[in-house]
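Summary of the model geometry
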2 protein chains.
Amino acid sequence: MVECSYERMEDKIKTFSKFGDTGKGGITRFSLSEEAIAARCEFVKRMEAIGASIVTDDMANLYATIPGTEDLPAIFSGSHMDSVRQGGNYDGILGVLTAMEVAETIVKEKIPHKHPITVIVWTNEEGARFEPAMMSSGVICGKFDKAAMLASEAKDRKGYTFSQALEESGFKGEEKNRMNPAKTKALVELHIEQGPVLEAEGIDIGVVEGVCGMINYEFTFIGQAGHAGTTPMKYRKDALYAAVKTIQYLHDELDQLDSKLVYTTGKISAHPNIHTIIPDEVKFTLDARHQDPEVIKQVLTIIKKIPSVVEQCKVSYEEAWSRRTVSFTSKLVDYVEKSAREFGYSNRRIYSGPGHDAQFVIDLVPTTMIFVPSVGGHSHCEIEYTPVENCLKGANVLLHTILHIDKE
Amino acid sequence: MVECSYERMEDKIKTFSKFGDTGKGGITRFSLSEEAIAARCEFVKRMEAIGASIVTDDMANLYATIPGTEDLPAIFSGSHMDSVRQGGNYDGILGVLTAMEVAETIVKEKIPHKHPITVIVWTNEEGARFEPAMMSSGVICGKFDKAAMLASEAKDRKGYTFSQALEESGFKGEEKNRMNPAKTKALVELHIEQGPVLEAEGIDIGVVEGVCGMINYEFTFIGQAGHAGTTPMKYRKDALYAAVKTIQYLHDELDQLDSKLVYTTGKISAHPNIHTIIPDEVKFTLDARHQDPEVIKQVLTIIKKIPSVVEQCKVSYEEAWSRRTVSFTSKLVDYVEKSAREFGYSNRRIYSGPGHDAQFVIDLVPTTMIFVPSVGGHSHCEIEYTPVENCLKGANVLLHTILHIDKE
């Protein structure tokens, strides 16, 4: 059975790990940053070398296509190249590298295929430099309003808006180059699991059935600033203490729900954030995910029970965004499972906790995903790791899944 | 009895409130900022207009001296002009404005005085732009090492170090101009109470006996970053949740100590501080103050009881700084009380919770302070307010306290 190359896979991972290298085993490669653009240039160079034609669309999504033997819709595969701050060398980029390796294998081994094969790189999946996450697949798939994204005045640490970064990237192309559902047969995205399940169970391949539903809320607590040395405790309106009590309440209540629920208070800010001043405004975020919409409803009920005044501080909250549970195309899910079995790789069906560009694409074209294990379940951190062997197994399953689709 | 001028007092407060005006009733006037330098220039202009001679020392502390009739040590009065972010129009600056008004009254009314009278402006009392607070009085009085202050690589939001800001201020002078104990008879600093006591009790003047002891600790929690959507709750090392539990513990324990204890967790930071990532490092500060050293010891005992591991996160803490309770020169305290009584102003003895430059000066020269009420006890915020009437009463007490000292 035709397979991808271990050496080429390893070389790709090593090469791309240099773009944004933190020197501590990980990368910081924000979307459209200097480092991300260097990675895109390497991608273009390598894809052109195997005869791919390159285009970009108006959101700087990058498409590299090798022709098929017939004039048919293209089979897409790919992911994103951007990372969070001090992220790892596998989240996103591995989906691009395996798709590149699959295309290279098909070209080098002269594997016949009717459909064109397009390797896609989505712009700004992480949302770490510019919110929201999955911005560009969201725009292409009608989830986000392009004008709103370009109009956003949110700036990164260097004072750039998304719109400025896009203009200066050199990768902004034409709207007509966008992924076109009429000319797209299917999309398969490979990704690391970003969780501990596959590794814990000693499984090679995650056959992804869908993506868990989630909600993300931002809470705001308004108190009263005052000098740390004088305001008697009983007169205080300490916004941080109000936030602390609320986070504890959320843990106490949410821990009683289904054990597969995951929730995170990842972001907190205090104003004026000076050691000698009682904070008058504190914000924090809550992210909660579960594949069963009923459990998400229970989370909302718990949020709604938060009183409007805590520790004499005004409490408010709003939904930053939410997502319904997404199910992938069953026929494609079966192809992934079949391909894994053909290689004798251990596999199991699984739901994705994190969001992926693929969950937007499913609304337009048949779509599925392939997971490979994350050692220790780590992701979005520098120690994120998947051995080359596992990456290669993923690439092989991706290759054969694409060939199964091509045979239809 | 000779008095200061209501109109001039009001004019001074209004004029200086323009330097760093936030447009919301307060000011942001960080030390040595453009706004602070504009305020210094106004100070120099006005003091030269009444015949004062101006010098600055190597920490940019600013001295304006009107001569006495004899060659004697000078009587000092003044405070600071810098503010916290979105601070008020009275903290610090009122001590400068009342000293200016006292000097102007003495000159205009031709009040005979043997000793020179020096109005002093201390550099960087708040420590809001560059830590530590009371940096320059601390250097002059041997509390801080000047070389260390200048060597600090801590940068403000615009990327300035203290040393750069000092060089560019145009107010850096010579070390020989520092306040010299041998040539300084006494120092009297007027300040707003920054607390609710005087106003609550309907009292005009706080006769300050000393400054409360305090400790300031920084806590650090080290967990493990991971993706919000995948890491099962039981495997998490959430540094923010560990910090939340510890802040709750501190409240539970510290609330059982003497009710005059004040403590504040004013500053918190999370890393990487992204809504979809479990925080792997969280820091917060604890500030605790009480005039009785025994109570401060009890606070330390409570801190030391914090376990080294909370919610599977490593906990560490260190003292950022501390201060012993300071007592002012009793004879000067008596002069303040006597002057208040002479005017028939209601008054009471009180300890200061906040730190003031005067607490460093006491080690070198006889020193005391005068408090005026803060409406609502607010300070370090835009609604900080003291009516002109109260400011004038403070100026009058300052004037007569200085004249009592002069008669010795």
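Residues numbered from 1 in each chain as written. Chains lettered and ligands numbered in written order. Predicted model: local features only at pLDDT ≥ 70, side-chain atom pairs only at ≥ 80, totals over all residues. Heavy atoms only, no water.

For chain A, an unreviewed UniProt entry supplies the name Zn-dependent hydrolase and the organism Candidatus Galacturonatibacter soehngenii.

All right, on to the overall build of chain A then. Assigned secondary structure in chain A consists of 12 helices and 15 strands. Its C-alpha atoms give chain A a radius of gyration of 23 Å, near enough to 22 Å, the size a compact globule of 408 residues would have. With respect to the three principal axes, the spread of C-alpha positions in chain A is 80 × 45 × 40 Å. Put simply, chain A has 408 residues, and 62% of those count as buried. Here the contacts in chain A between residues at least 6 apart in sequence split such that 79% fall between residues at least 24 apart. Accessible area of chain A: about 15200 Å², with a carbon and sulfur share of 49%. (Helix = DSSP H or I, 4+ residues; strand = E, 2+ residues; numbered from the N terminus. Rg over C-alpha atoms; globule rule 2.2 N^0.38 Å. Buried < 20%, exposed > 50% of the residue type's maximum accessible area, 1.4 Å probe, protein only. Contact = heavy atoms within 4.5 Å. Areas by Shrake-Rupley, 256 points an atom, 1.4 Å probe, with all protein chains shown as cover.)

Turning our attention to the interface of chain B and chain A. Note: interface size is frequently given as the accessible area lost on complex formation between the parts. Chain B puts 58 residues into the contact, and the matching count from chain A is 58 residues. Carbon and sulfur atoms make up 62% of the surface buried where chain B meets chain A, a total of about 5100 Å² over both sides. Where chain B meets chain A, there are zero salt bridges. Viewed at the interface, chain A and chain B are joined by 14 residue pairs in polar contact (both at pLDDT 80 or more). Breaking the side of chain B that touches chain A down by element, the ones donating at least two residues are helix 8 (239-254), strand 8 (262-264), strand 9 (268-271) and strand 10 (281-290) of chain B. Class assignment for the residues of the side of chain B that touches chain A results in 25 nonpolar, 24 polar and nine charged. (Buried area = accessible area lost by both parts, 1.4 Å probe. Salt bridge = Lys/Arg side-chain N within 4 Å of Asp/Glu carboxyl O. Polar contact = N/O pair within 3.5 Å; in protein donor to acceptor, adjacent residues only side chain to side chain. Nonpolar A, V, L, I, M, F, W, Y, C, P; charged D, E, K, R; others polar.)

Taken as a whole and judged by the stated rule, the model has 22 aromatic pairs over all chains. Between phenylalanine 219 of chain B and phenylalanine 284 of chain B, the aromatic rings sit 4.9 Å apart at their centres with planes inclined by 20°, giving stacked as the arrangement. One end of the pair, phenylalanine 219 of chain B, is in strand 7 (residues 213-222); the other, phenylalanine 284 of chain B, is in strand 10, with 65 residues separating them in the sequence. Here phenylalanine 219 of chain B matches phenylalanine 284 of chain B in class, with each residue buried. Counting every residue linked through ring pairs, the aromatic cluster contains Tyr217, Phe219, Phe221, Phe284 and Tyr317 of chain A. Lying across the ring of tyrosine 235 of chain A, lysine 234 of chain A places its NZ or CZ 4.8 Å from the centre. (Phe/Tyr/Trp six-rings, centres within 6.5 Å; stacked < 30°, edge-to-face > 60°. Lys NZ or Arg CZ within 6 Å of the ring centre and 35° of its normal.)

With that settled, consider the UniProt feature "domain: Peptidase M20 dimerisation" (unreviewed entry) in chain A. Per the UniProt record, "domain: Peptidase M20 dimerisation" (unreviewed entry) is found at residues 212-306 of chain A. Annotated as residues 212-306 of chain A, this span is 29% helix and 28% strand, and its ends, taken at the C-alpha atoms, are 25 Å apart. (UniProt positions renumbered as here; feature names shortened; annotations may be inferred.)

The next subject is the UniProt feature "binding site: Zn(2+) 1" (unreviewed entry) in chain A. All names here are of chain A. Here, the residues flagged by UniProt with the feature "binding site: Zn(2+) 1" (unreviewed entry) are His80, Asp91 and His191. The named residues occupy 112 residues along the chain; their greatest pairwise C-alpha distance, 9.7 Å, places them in one compact cluster. Relative to the helices and strands, histidine 80 is located in strand 3 (residues 74-80). Apart from residues lying up to four places away in sequence, histidine 80 is in contact with Asp91, Gly92, Ile93, Val96, Trp122, Glu125, Glu126, His191 and Asp357. Side-chain polar atoms of histidine 80 contact the side chain of aspartate 91, separated by 3.3 Å.

Glancing now at the relation of the copies chain B and chain A. Expressed as a screw transformation, the operator carrying chain B onto chain A has a rotation angle of 180° and an axial translation of 0.0 Å, and the superposed copies differ by an RMSD of 0.1 Å. Such values leave the two copies arranged in the relation of a two-fold axis. It is valine 244 of chain B whose C-alpha, among those of chain B, lies nearest the rotation axis, at 2.7 Å. Looking at the interface residues of chain B, 100% of them are also at the interface in chain A, so both copies use one shared face. (Least-squares fit on C-alpha atoms with pLDDT ≥ 70 in both.)

Before going further, it helps to examine the environment of glutamate 174 of chain B. Residues and elements named next belong to chain B. Positionally, glutamate 174 belongs in the loop between helix 6 (162-169) and strand 5 (184-192). Put simply, glutamate 174 and glutamate 199 are 25 residues apart on the chain and 42 Å apart in space, counted from C-alpha to C-alpha. Ignoring any residue separated from it by four or fewer positions in sequence, one finds glutamate 174 in contact with Thr56, Asp57 and Asp58.

We now examine the domain arrangement of chain A. Residues and elements named next belong to chain A. One can read the domain layout of chain A as domain 1 (6-211 + 325-406) and domain 2 (213-323). Distance from the C-alpha centre of domain 1 to the C-alpha centre of domain 2: 34 Å. At the interface, nine residues of domain 1 touch seven residues of domain 2. Counting the surface lost from both domain 1 and domain 2, the interface buries some 630 Å², and carbon and sulfur atoms represent 45% of this. It is Thr325, Tyr351 and Gly353 in domain 1 that bury the most area against domain 2; as a group they hold 55% of the surface buried on that side. (Domains from an automatic or database assignment.)

What follows covers the environment of lysine 155 of chain B. All names here are of chain B. Along the chain, the position of lysine 155 falls in the loop between helix 5 (146-151) and helix 6. Between the C-alpha atoms of lysine 155 and phenylalanine 130, which are 25 residues apart in sequence, the distance is 7.5 Å. In contact with lysine 155, other than residues within four places in its own chain, are Tyr160 and Thr161.

Residue and element names in this part refer to chain A. Here arginine 129 lies in the loop between strand 4 (117-122) and helix 4 (135-140). Of the residues examined, arginine 129 reaches a relative accessible area of 15% and is grouped as buried. A distance of 2.7 Å separates the side chain of arginine 129 from the side chain of aspartate 156, its partner in a polar contact. For arginine 129, the residues in contact, after removing those within four places along its chain, are Phe30, Ser31, Leu32, Ser33, Asp156, Tyr160 and Ala165.

Moving on, we come to the pattern of salt bridges. All chains considered together, the criterion is met by 57 salt bridges over all chains. Its salt-bridge partner being lysine 12 of chain A, residue glutamate 104 of chain A comes within 2.7 Å of it at the nearest N-O pair. Of the two residues, glutamate 104 of chain A sits in helix 3 (residues 93-108) while lysine 12 of chain A sits in helix 1 (residues 6-16), which places them 92 residues apart along the sequence. You'll find glutamate 104 of chain A and lysine 12 of chain A in the same group, each marked buried. Aspartate 58 of chain B is the partner of arginine 178 of chain B in a salt bridge, and the nearest nitrogen-oxygen pair spans 2.7 Å. Taken together, the residues span a long stretch of sequence, with arginine 178 of chain B in the loop between helix 6 and strand 5 and aspartate 58 of chain B in the loop between strand 1 (53-56) and strand 2 (62-66) at a distance of 120 residues.

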